[in-house]
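# Residue-level structure breakdown
Here's the letter readout for the chains.
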Amino acid sequence: MSYDSIKTGTSAAGVAGLTSNRVSSNTTLIGLKGSEDLGDGLSAIWQIESLVTPGSTNTANTFGTRNTFAGLSSAAAGTVVMGRHDTPYKISTRALDVFGDGIADNRSIMGGGTKAVASFDGRQDQVVAYISPKLGNVATLAIGYVNLSPANVLATASKDAAWSLAGMFDIGSGFGASLAYEAHDIGAGTTVAAIGLAPIGVYTAAVKEKATKLGLSYVQDAFTVGFAYEKTSDNAGGQVALGAGALAAGSNVLGHSDYYLSGKYMVSASDAVKLAYGHAGQINGATGSDAKQVSVGYDHSLSKRTSVYALYTKLSNGTTAAYVLGSGTASIGGATTIAGAGASPSALAFGLKHTF
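Scope of this entry: the structure provided in the associated data block. Bear in mind the structure is a predicted one, so any value in this text is a computation, not a measurement.

### Details of the overall build of the protein chain
Each helix and strand counted, the protein chain has one helix and 19 strands in total. A globule of 356 residues ought to have a C-alpha radius of gyration of about 21 Å, and the protein chain, at 21 Å, matches this closely. Its C-alpha atoms give the protein chain principal-axis dimensions of roughly 60 × 50 × 40 Å. With the model as given, the accessible surface of the protein chain reaches about 16,900 Å², and the carbon-plus-sulfur share is 62%. Measuring between centres, the 23 positive side-chain charges of the protein chain sit 5 Å from its 23 negative side-chain charges.

### Section: the packing of aromatic side chains
Evaluation of the coordinates by the stated rule reveals six aromatic pairs. With 6.1 Å between their ring centres and 50° between their planes, Y89 and F120 make a pair best called tilted. Within this pair, whereas Y89 is found in helix α1 (residues 88-91), its partner F120 is found in the loop between α1 and β7 (123-131), the two being separated by 31 residues in sequence. We note that Y89, like F120, is buried. Where F175 meets Y218, the ring centres are 4.5 Å apart and the plane angle is 40°; that geometry is what we call tilted. Here Y218 lies in strand β13 (residues 207-220) and F175 lies in strand β10 (residues 175-186), a separation of 43 residues in the sequence. We classify F175 as partly exposed; its relative accessible area is 43%.

### Details of the environment of S289
Relative to the helices and strands, S289 is located in the loop between β16 (271-280) and β17 (291-301). Note: C-alpha distance between S289 and A321 (32 residues apart in sequence) is 4.5 Å. Beyond its immediate chain neighbours, meaning those up to four positions away, S289 contacts G281, Q282, I283, T320, A321 and Y323. A polar contact is formed between the side chain of S289 and the backbone oxygen of A286, at a distance of 2.6 Å.

### Focus: the nonpolar core
In globular proteins that are soluble, nonpolar side chains generally tend to be buried together. Membership of the largest hydrophobic core comes to 39 residues, with the highest contact counts inside it found for F99, I103, Y203, L242, Y260, L311 and Y323. Broken down by secondary-structure element, the contributors of at least two residues to this core are β7, β16, β18 (306-317) and β19 (346-354).

### Considering the pattern of salt bridges
All told, the structure shown has 13 salt bridges when counted by the stated rule. Between D125 and R84 there is a salt bridge, with the nearest N and O atoms lying 2.9 Å from each other. Residue D125 is found in strand β7, and its partner R84 is found in strand β6 (residues 78-86); the two are separated by 41 residues along the sequence. The partner of R94 in a salt bridge is D97, with the nearest N and O atoms 3.2 Å apart. Judged by relative accessible area, R94 falls into the buried class, the value being 16%. Note on D97: relative accessible area 7%, which makes it buried. Residues joined by salt bridges that share partners form a network here, namely R94, D97, D101, D105 and R107.

### Considering the side chain of D121
Tracing the sequence through the fold places D121 in the loop between α1 and β7. Owing to a relative accessible area of 9%, D121 belongs among the buried residues under this scheme. Separated by 3.0 Å, the side chains of D121 and K213 make a polar contact.

### A look at the environment of N21
One can find N21 in strand β2 (residues 19-24). Separated by 48 residues in sequence, N21 and F69 place their C-alpha atoms 36 Å apart. Those residues within four positions of N21 in sequence are excluded, and the remaining contacts are Y3, D4 and S5.

### With respect to a nonpolar patch on the surface
A surface patch of nonpolar side chains, about 930 Å² in accessible area, is lined by L135, V138, L141, F169, I171, F175, L179, L214, L216, Y229 and Y259. Those elements that place two or more of their residues in the nonpolar patch are β9 (161-172), β10 and β13. Along the chain, I171 turns up in strand β9.

### Quick look at unusual backbone geometry
Positioned with a positive phi, T27 is a non-glycine residue whose angle comes to about 60°. By the element assignment, T27 lies in the loop between β2 and β3 (28-39). Using a relative accessible area of 9% as the deciding quantity, one classes T27 as buried. At D101, a position not held by glycine, the phi torsion is positive, near 70°. Judged by its relative accessible area of 30%, D101 falls in the partly exposed class.

### Side note on the pairing of strand β4 (residues 42-52)
Alignment of β3 against β4, held across 11 bridges, turns out to be antiparallel. Within β4, the position partnered with G39 by the bridge is L42. By the bridge criterion, six bridges tie β4 to strand β5 (residues 68-74) in an arrangement that is antiparallel. Note that in β5 the partner of S43 across the bridge is S73.

Conventions we followed
Residues numbered from 1 in each chain as written. Predicted model: local features only at pLDDT ≥ 70, side-chain atom pairs only at ≥ 80, totals over all residues. Heavy atoms only, no water. Helix = DSSP H or I, 4+ residues; strand = E, 2+ residues; numbered from the N terminus. Rg over C-alpha atoms; globule rule 2.2 N^0.38 Å. Areas by Shrake-Rupley, 256 points an atom, 1.4 Å probe, with all protein chains shown as cover. Lys, Arg positive; Asp, Glu negative; His and termini not counted. Charge placed at Lys NZ, Arg CZ, Asp CG, Glu CD. Phe/Tyr/Trp six-rings, centres within 6.5 Å; stacked < 30°, edge-to-face > 60°. Buried < 20%, exposed > 50% of the residue type's maximum accessible area, 1.4 Å probe, protein only. Contact = heavy atoms within 4.5 Å. Polar contact = N/O pair within 3.5 Å; in protein donor to acceptor, adjacent residues only side chain to side chain. Core = buried A, V, L, I, M, F, W, Y, C linked by side-chain atoms within 4.5 Å. Salt bridge = Lys/Arg side-chain N within 4 Å of Asp/Glu carboxyl O. Patch = residues over 30% accessible without salt bridge, like charges linked within 9 Å, V, L, I, M, F, W, Y side chains within 5 Å. Pairing = 2+ DSSP bridges.

So, in structure tokens, the structure goes:
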């Protein structure tokens, strides 16, 4: 839990925001998991994990909201799971976010900054995924398929789907790397919304969204450094739902690049200083559609299971950009909200984390 003081900023049009204080749950969760030995190195596995939102304005504490699945696992052949699960694309770089699952989470900018039916850095329903064992003691590979339109049963309805792939590599000498790719096939007739760009609308033609991401990490003694670079593209030109009806059909509308750099230094066995910088590039080269975020924090462990922390984060939007802190997810208390396009929200948070 944390107590946050949030400034929503002033928009490019001069609309003034406010300062609000709130209690946030910062991805409080509880779960159950188990396995059964089936012999010959094979096990049946299962997990039920749920989000809990004490103190949050979002009270939808639905059972099994997080990674909830059944599957088979083999040390020699790998693991297959079915259910609700993080995509391989998301898994590939989440460990690089030193402020993950809080108001300074890098998904305010990363994850493409846009979504249709599915976000790129997402946890999806209807997932079938395979995760390999560690190959050659160096690489772990993962592939996932997502049915994004399971309720559609008519031939005239859209058939939306996603493919997600990732490779995670332990290079040695403290170096790690990852490479991921995800594609969304969104059919005509699908109701969509683009973050900060347009109200909900309906696609009049099929759209493909794609994202590629590179992650790098280095750990040496008290230092941890991480870097992620992401590039997205689409063929959504001509779609009125995105406010892009005047653009050439099939042209790239929301494509842009993001990057994130993070660092952590253990001052002592119980204390750590953290710093991160994120940048979202201009959307298809549009002036003022970029944004940047700077975060700094301090963690102190009171025991093996309990720690306290303080952090400050500021997200600076370009004149037409409308990114929000924490990506607006329910797990961290809902959208921070900003005064309008061009506003630069900031937050000061003091929190306590306990694991059991």
